[in-house]
Amino acid sequence: MFFDFTKVDWTFVHSIMAENNRRLSRTHRGHSDTGSSEQKQPLLLSGQALVDQIEDNEIDVHKFVHAQSTATEPQSPTAVRNILFQIADLTNRGTLPSDRFRTWEIGANQASLTGGPAISGPEAKIAPQLIDAAVFEFCDALWRRWSELISDPIPLAAWSEWQLNGGHIHPFYDGCGRISRSFAASLLVRARCLLPSFDNKAAYFEAGNRSTAAFLQYYSERIEACRRTYPSMEKTLNTQGPS
């Protein structure tokens, strides 16, 4: 669904994405999750201090995402990776006890050390020592598919988001969900496609863990849900896309 983001400011992006984070992210509520491994150290902040830092970071991330509406096309996989890393570093600014990437193994259907639902689905995540290469391979694949942002952006955005979050890469020390959603949103903003409005974590991961096709269907339905949430923006929408 075509949406001209140059007709709105960054607060429109923020209103959608902040609500998605509220519904899907534990860190967004001040919870430093260490349930994936004994090797994962708590974040540098907790409680209200963490909430305040995350909200400050979130604003800058969403300004960056909105700015993609006028950004130039990346000329290499390295340029795509730079976009991803800018989002990741802004998201986790001032919170990480370690470097950018995950340093521990995550198996298939792995239980949380702190209780609650499993922290992973049926697919094990790649080993830590392979993350750097896997991220570059991901960015290379995305760059080679970049033209899809003109012809049919939703499948590419949905694939990108799931690969970085619930899929096999899950590369970052913390915030994979928020980073993946922001990165996928940056692709949709570039493509002038409305963003998804997610409902809840259970539905999100159930669709993603079922199949690529199921997640794409869910993702498309949540974009339509966003359109229904903002009926006052109807004049900015054009289902035919740019001519």
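Presented here is an overview of the structure given in this document. (Residues numbered from 1 in each chain as written. Predicted model: local features only at pLDDT ≥ 70, side-chain atom pairs only at ≥ 80, totals over all residues. Heavy atoms only, no water.)

If you look at the biggest cluster of nonpolar residues, it comprises 55 residues, and the most contacted ones within it are Leu84, Phe183, Leu195 and Tyr219. Among the secondary structure elements, those contributing two or more residues to this core are helix H1 (10–24), helix H2 (47–67), helix H3 (77–91), helix H4 (131–144), helix H6 (153–164), helix H7 (176–190), helix H8 (201–210) and helix H9 (212–229). The leading source of residues in this core is H7, at eight residues. Aside from chain neighbours lying at most four places away, what touches Leu195 is Phe5, Val13, Ile16, Met17, Ala185, Leu188, Val189, Arg222, Ile223 and Cys226. If you look at the next biggest cluster of nonpolar residues, it comprises seven residues, including Leu43, Leu96, Trp104 and Tyr173. (Core = buried A, V, L, I, M, F, W, Y, C linked by side-chain atoms within 4.5 Å. Buried < 20%, exposed > 50% of the residue type's maximum accessible area, 1.4 Å probe, protein only. Helix = DSSP H or I, 4+ residues; strand = E, 2+ residues; numbered from the N terminus. Contact = heavy atoms within 4.5 Å.)

If you add up the space inside the largest pocket, you get close to 710 Å³. Lining the largest pocket are 31 residues, and of these Arg26, Asp33, His170, Lys201 and Phe205 lie nearest its centre. Elements that contribute at least two residues to the lining of the largest pocket include exactly H7 and H8. Its residues assigned to classes, the lining of the largest pocket comprises eleven nonpolar, eleven polar and nine charged. (1 Å grid on protein atoms, 1.4 Å probe; cavity = no way out; pocket = protein on both sides within 12 Å on 5 of 7 lines; lining within 4 Å. Points joined across faces, edges and corners; volume = space filled by probe spheres on them. Nonpolar A, V, L, I, M, F, W, Y, C, P; charged D, E, K, R; others polar.)

In the structure shown here, the tally under the stated rule is 13 salt bridges. Among the salt bridges present, the one from Arg100 reaches Asp89, with a minimum N-O distance of 2.8 Å. Of this pair, Arg100 sits in the loop between H3 and H4 while Asp89 sits in helix H3, and the two are eleven residues apart along the sequence. By relative accessible area, Asp89 is classed as partly exposed at 38%. In this structure, Arg210 engages Glu206 in a salt bridge whose closest nitrogen and oxygen atoms are separated by 2.9 Å. (Salt bridge = Lys/Arg side-chain N within 4 Å of Asp/Glu carboxyl O.)

This paragraph deals with the packing of aromatic side chains. Under the counting rule described, the total for this entry stands at 18 aromatic pairs. Taking the centre distance of 6.3 Å and the plane angle of 35 degrees together, the rings of Phe215 and Tyr218 count as tilted. With Phe215 and Tyr218 both in helix H9 and three residues apart, this pair spans about one turn of that helix. The exposure class assigned to Phe215 is buried, which follows from its relative accessible area of 2%. Connected via pairs of aromatic rings, a cluster forms that spans Trp162, Phe198, Tyr204, Phe205, Phe215, Tyr218 and Tyr219. Cation over ring: Lys63 sits above Trp10, and NZ or CZ is 5.0 Å from the ring centre. Sitting over the face of the ring of Phe85, Arg100 holds its NZ or CZ atom 3.9 Å from the ring centroid. (Phe/Tyr/Trp six-rings, centres within 6.5 Å; stacked < 30°, edge-to-face > 60°. Lys NZ or Arg CZ within 6 Å of the ring centre and 35° of its normal.)

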